[in-house]
Every structure is written in C-alpha cells, then in structure tokens.
Amino acid sequence: LFFGLIKGFGTGDQNSAPPRKDAIDISMRGAEECKCGSERPYEDCCRPIHLGRRRSETPGDLLKARFSAYAYKLPEYILRSTSVESTDWVSRKDKRKWNEWKEEVQQFCDNTEPLKLEILNEKESESRNRASVVFRVDLKQGGEKVSFVEKCLVTWSEFGYSYVDGKLLDVME
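Remember, it's a predicted structure, so these values are computed and weren't measured experimentally.

Across the 12 residues that make up strand β2 (residues 130-141), a large majority, 9, are buried. Pairing of strand β1 (residues 112-124) with β2, which is carried by 11 bridges, proceeds in the antiparallel orientation. Of the residues in β2, the one forming a bridge with T112 is Q141. Between β1 and β2, which follow one another and run antiparallel, lie 5 residues, and R128 among them has a positive phi close to 65 degrees. Counted along the chain from β2 to the antiparallel partner strand β3 (residues 144-157), the turn is 2 residues long, and its residue G142 has a positive phi close to 60 degrees.

For E39, which is not glycine, the phi torsion reads 70 degrees and is therefore positive. Positionally, E39 belongs in the loop between α1 (2-6) and α2 (47-50). Here E39 falls in the exposed class, since its relative accessible area comes to 63%.

This part covers the nonpolar core. Nonpolar side chains in soluble globular proteins tend to be buried together. Counting 34 residues, the largest nonpolar core has L63, Y77 and F135 as the members making the most contacts within it. Of all the secondary-structure elements, those providing two or more residues to this core are α3 (59-71), α4 (75-80), α5 (95-111), β2, β3 and β4 (160-172). With 6 residues, α3 is the largest single contributor of residues to this core.

The rules behind the values
- Residues numbered from 1 in each chain as written.
- Predicted model: local features only at pLDDT ≥ 70, side-chain atom pairs only at ≥ 80, totals over all residues.
- Heavy atoms only, no water.
- Buried < 20%, exposed > 50% of the residue type's maximum accessible area, 1.4 Å probe, protein only.
- Helix = DSSP H or I, 4+ residues; strand = E, 2+ residues; numbered from the N terminus.
- Pairing = 2+ DSSP bridges.
- Core = buried A, V, L, I, M, F, W, Y, C linked by side-chain atoms within 4.5 Å.

Here it is in structure tokens:
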C-alpha cells in the first residue's frame, strides 16, 4: 500500500465543483500552524485552497496543499487536485470508481503521518501551462520513517495547478 500511493503523493478532479463547506471538517484547525511547513496559520495558508476559495497559484502551492491535505486526512482535495491528464484520475460521474479511489487515498491518509515537505526545485514552462517540481517528503508509516524524492509534472488550468504524474528519484528508509 505504501508505494502504491506514494508516487505522485496522491491522486482529483479539478473540473468538479469545489466541495461544500461542510464536506471538509477543518473548521477547528484554522489558528494552528499549517502542516505544509510554511509556518503560517492554516486558515491563511492551505485551508482556502482546500475549501476551493483560492486556487494554487504556483506549483509549490499545489504540492504544499496536497501535503497538508494528506496530513489533515482530506482525500476529497487530493482527488480534486489531480489533473484529468493523470493516469490515476477518475471521473466523479463514475461513483463506484470515485469512491474506491477516495477510499484508497483515505486508507493511505489513515496509515501515514506526513512529517515534512521540502520543495527542491520548481520550473514552470514559458507558457505557464505546465511545470515540474522536485520535492522531498518525510513520512512515517507503520512506525517506520521513509523519505523520498520525486519529480512531478503539474498542469495549469482556470482552477489552478493540478498534479499529473511523478517519478520517484530516490527512496530512503
């Protein structure tokens, strides 16, 4: 399960409507420091992105929002922030497959403690419609710490950046 979902650090439908306000129970987390590592309050950092009130304006914003979504156990955001270009993407219209995907991501969230995200390199294309990001993530799963470095591709749309695919460059146990 660990390496099945680790690649891309997640898998959503940016073209779907933002979640209802009550769909993500994050109201009590607003004043605490955001888990993305920005040292800003969650309510001013990733929460507006998770709620669909703000889009991820940079590739780094997307990765930070996805990392904190794993930490806060928000599979709905992970699914929504995955590009339709991704091989992991499933349409919300196929409820059975969508729910299976969501449950898979939920299980990963429940069994994993994201510890740290470090953006190592961010490179946007000149047209800004695609970018690559190299990042390192430290996780704890089953009591064991694992770190990996991934290079991912993200794409831009009117909804902000979304995750397409990634390649693990290094795994450290």
